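Single-letter residue listing:
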Amino acid sequence: MSWFKRESKELDTSGERKVRTEGLWVKCDQCRQIIWKKDLEANFHVCTKCDKHFRIDTRTRLGYLFDDGKYVEEDGNLVTTDPLEFADLKPYKGRLKAAQKLTGRNDAIVNAHGKINGREVIVSAMEYQFIGGSMGCVVGETITRAVERALKMRLPLLVFSATGGARMMEGTISLMMMARVSAALGKLDDAKVPYISVLTDPTTGGVTASFAMLGDLNIAEPGALIGFAGPRVIEQTIRQKLPQGFQRSEFLVQRGFLDAVVHRRDMKSYVARALDWMTA
């Protein structure tokens, strides 16, 4: 989304050549305004003009969430074995290597342990840049371990979803993760340990159909696309035009599908207040 990428040179009034580095601006794809990149970062990667929430990586998200941006990552050593030896336009193993290089992660999930306003919590955050945040066996197993750790330590659990759904390259194995994570969350519920699900843009497919909607509190960022099938697929299936804003978080909270829509700058304080109330 960066605007200018090239480096330009120009003369100042003294006739000396100076270099201006480009790539310092970002164009919002909603309001089409040009934003100074540092202003965007200072505003939690939210457009200063129209309030559009840009997608962010897990490091940035966890940095916003935890006290002083400090946390300990866990379970990051898990790697998929490519159980189906899947290949389409290129082998699945090649896609994995490219995604690992891009994100610096083994897969599309990060487990973290830290404090929010002084309260210890367990967090799982999905990485959309890793093959669309798709849920394969590693994502499912990693979230399950976070649930089990929260149960053992009796600490609140937060899961941030950012995903296109189950990972087709792992077939039925990825679909099994829907049941695996949901079963673990059932035990957490029986133990009355709080679970907050945060849905970000996008949260679709098998993740929406399982753990993303099983929170004691289900909240979303503004403008997040949330649903099982995408709106274009639905329109093509039912051959009807969908309502304005269909499957966006504001549309869904009005119809009881979500509990709240929370601005990114308020997410930490909102979660902290919710946990105070849930553990009172």
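Residues numbered from 1 in each chain as written. Predicted model: local features only at pLDDT ≥ 70, side-chain atom pairs only at ≥ 80, totals over all residues. Heavy atoms only, no water.

Enquirer: Summarise the pattern of salt bridges; cite the residues concerned and give the values.
Expert: Counted under the stated rule, the structure contains 18 salt bridges. The residue E221 makes a salt bridge to R61 at a minimum N-O spacing of 3.0 Å. In this pair, E221 is assigned in the loop between β10 (217–220) and α7 (231–238) and R61 in helix α2 (residues 58–65), connecting sequence segments 160 residues apart. Judged on exposure class, the residue E221 and its partner R61 are both buried. (Salt bridge = Lys/Arg side-chain N within 4 Å of Asp/Glu carboxyl O. Helix = DSSP H or I, 4+ residues; strand = E, 2+ residues; numbered from the N terminus. Buried < 20%, exposed > 50% of the residue type's maximum accessible area, 1.4 Å probe, protein only.)

Enquirer: Summarise the packing of aromatic side chains; cite the residues concerned and give the values.
Expert: A full pass over the atoms with the stated rule returns four aromatic pairs. With 5.6 Å between their ring centres and 65° between their planes, F246 and F251 make a pair best called edge-to-face. Overall, the relative accessible area of 23% leaves F246 in the partly exposed class. On the accessibility criterion, F251 (14% relative accessible area) is buried. Over the ring of F251 we find R255; its NZ or CZ atom is 3.6 Å from the centre of that ring. (Phe/Tyr/Trp six-rings, centres within 6.5 Å; stacked < 30°, edge-to-face > 60°. Lys NZ or Arg CZ within 6 Å of the ring centre and 35° of its normal.)

Enquirer: Before we move on, could you go through unusual backbone geometry and cite the residues and values that matter?
Expert: Omega for the peptide link from D201 to P202 comes to -10°, which places this bond in the cis form. Relative to the assigned elements, P202 resides in strand β9 (residues 195–203). The backbone phi angle of N117 is positive, close to 50°, even though this residue is not glycine. Positionally, N117 belongs in the loop between β6 (109–116) and β7 (119–126). The phi torsion at Q247 lies on the positive side, around 70°, for a residue other than glycine. Its location among the elements puts Q247 in the loop between α7 and α8 (249–254).

Enquirer: Requested: an account of the nonpolar core, with residues and values cited.
Expert: Among the nonpolar cores identified, the biggest contains 37 residues, and I143, L157, L185, L188 and F211 are the most heavily contacted of them. Considering each element in turn, this core owes the most residues, six residues, to helix α5 (residues 171–190). Ignoring anything within four residues of it in the chain, the contact list for L188 reads V147, A150, L151, L157, V193, P194 and Y195. Counting residues in hydrophobic clusters, the runner-up holds 22 residues, among them V110, V123, F160 and V262. (Core = buried A, V, L, I, M, F, W, Y, C linked by side-chain atoms within 4.5 Å. Contact = heavy atoms within 4.5 Å.)

Enquirer: Describe in detail the side chain of E221, supporting the description with residues and values.
Expert: The class of E221 is buried, set by a relative accessible area of 3%. If we ignore the near neighbours within four places in the chain, the residues touching E221 are H53, R61, L199, T200, S249, V261, V262, R264 and M267.

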